[in-house]
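# Residue-level structure breakdown
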Amino acid sequence: MIRRLVMTPARAARGGAFVPRLPPRLGVAWRALSTAAPTPGELVAVDEEDVERVALDEVMSPKLPKGTRTGIVTSTKMDKTITVQFYKRKYVPKYDVYYNKKVKVFAHDETEECREGDKVRVVPGEKRTKRKKYVLESIIKRNAV
C-alpha cells in the first residue's frame, strides 16, 4: 500500500524526516527508513516496507507513575518528613471557569536532603502515618539559598 502525503513546512522544520501516520501496534512505534529530506510542498510516497518498527522507549519520554506530583518544599521541620505544596486545576461547570486549588501533602524524605524552596517530585508510596502517603523521588531544582 502506498500513501501519498504532501511535505508541509512544519515537517520540514523538524529536520525533514517524514514519519508516516500509521496506527500504533502493540506498543511499537513506526519510523520511515528513508533519510532523504523532502522539500516543502513535495509529494512523498512511502511504502509499507519502507517503515521500521521502533521501541516506544526511543520515541516517547518515560512515563511517570500514576499519582506523581511536582511541587515546592514549604517545610522541613519534622524528622524525615517534608511538606510539599502544589496546585490542582479545578473546573466549575456551572460558571464554566477554572481555578487553582492549593494542596499540601506530607512526603517521606529518608536522607533529609531537601531544603525549603526546592522543587521536588513525589510519588505515592506505602502509607507511613495518617497523612504521610508520598515518598520523595527526586529533587528537580535546588533552592539557591
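Scroll up for the structure.
Residues numbered from 1 in each chain as written. Predicted model: local features only at pLDDT ≥ 70, side-chain atom pairs only at ≥ 80, totals over all residues. Heavy atoms only, no water.

## Comments concerning the environment of K133
- With respect to the secondary-structure elements, K133 resides in strand 9 (residues 132-141).
- Under the relative-accessibility criterion, K133 is labelled partly exposed at 39%.
- As for K133 and V105, which are separated by 28 residues in sequence, their C-alpha atoms are 8.0 Å apart.
- The residues touching K133, leaving out its near neighbours within four places in the chain, are F106, V123, P124, G125 and K127. (Helix = DSSP H or I, 4+ residues; strand = E, 2+ residues; numbered from the N terminus. Buried < 20%, exposed > 50% of the residue type's maximum accessible area, 1.4 Å probe, protein only. Contact = heavy atoms within 4.5 Å.)

## A few points about a positive patch on the surface
- Together, R69, K88, K90 and K101 make up a region of like positive charge exposed at the surface.
- Looking at where R69 falls in the secondary structure, it is placed in strand 5 (residues 69-75). (Patch = residues over 30% accessible without salt bridge, like charges linked within 9 Å, V, L, I, M, F, W, Y side chains within 5 Å. Areas by Shrake-Rupley, 256 points an atom, 1.4 Å probe, with all protein chains shown as cover. Salt bridge = Lys/Arg side-chain N within 4 Å of Asp/Glu carboxyl O. Lys, Arg positive; Asp, Glu negative; His and termini not counted. Charge placed at Lys NZ, Arg CZ, Asp CG, Glu CD.)

## Focus on the pairing of strand 9
- In this structure, strand 7 (residues 97-108) lies alongside strand 9, joined through three bridges in parallel fashion. Of the residues in strand 9, the one forming a bridge with H108 is V135.
- Across six bridges, the pairing between strand 8 (residues 119-124) and strand 9 is antiparallel. Each bridged residue has a counterpart across the sheet, and for P124 the counterpart in strand 9 is Y134. (Pairing = 2+ DSSP bridges.)

## Some thoughts on unusual backbone geometry
- A positive phi is found at K80, a non-glycine position, where the angle reads about 55 degrees.
- Tracing the backbone shows K80 in the loop between strand 5 and strand 6 (81-92).
- Phi at E112 takes a positive value of approximately 50 degrees, unusual for a residue other than glycine.
- The topology assignment puts E112 in the loop between strand 7 and strand 8.

## Brief notes about the packing of aromatic side chains
- This structure, assessed with the given rule, holds one aromatic pair.
- An angle of 45 degrees between the planes, with centres 4.9 Å apart, marks the rings of Y91 and Y98 as tilted.
- For Y91, a relative accessible area of 41% gives the class partly exposed.
- When the ring centre of F106 is taken as origin, the NZ or CZ atom of R131, which lies over that ring, is 4.4 Å away. (Phe/Tyr/Trp six-rings, centres within 6.5 Å; stacked < 30°, edge-to-face > 60°. Lys NZ or Arg CZ within 6 Å of the ring centre and 35° of its normal.)

## A word on the pattern of salt bridges
- Counting across every chain of the model gives three salt bridges.
- With a closest N to O distance of 3.2 Å, R142 and D118 form a salt bridge. Note that R142 is positioned in the segment after strand 9 and D118 in the loop between strand 7 and strand 8, a separation of 24 residues in sequence.
- Take R142: its relative accessible area is 38%, and that puts it in the partly exposed class.
- Across the salt bridge formed by R121 and E137, the nearest N and O atoms sit 3.9 Å from each other. Of the two residues, R121 is situated in strand 8 and E137 in strand 9; the sequence distance between them amounts to 16 residues.
- You can call R121 partly exposed: its relative accessible area is 21%.

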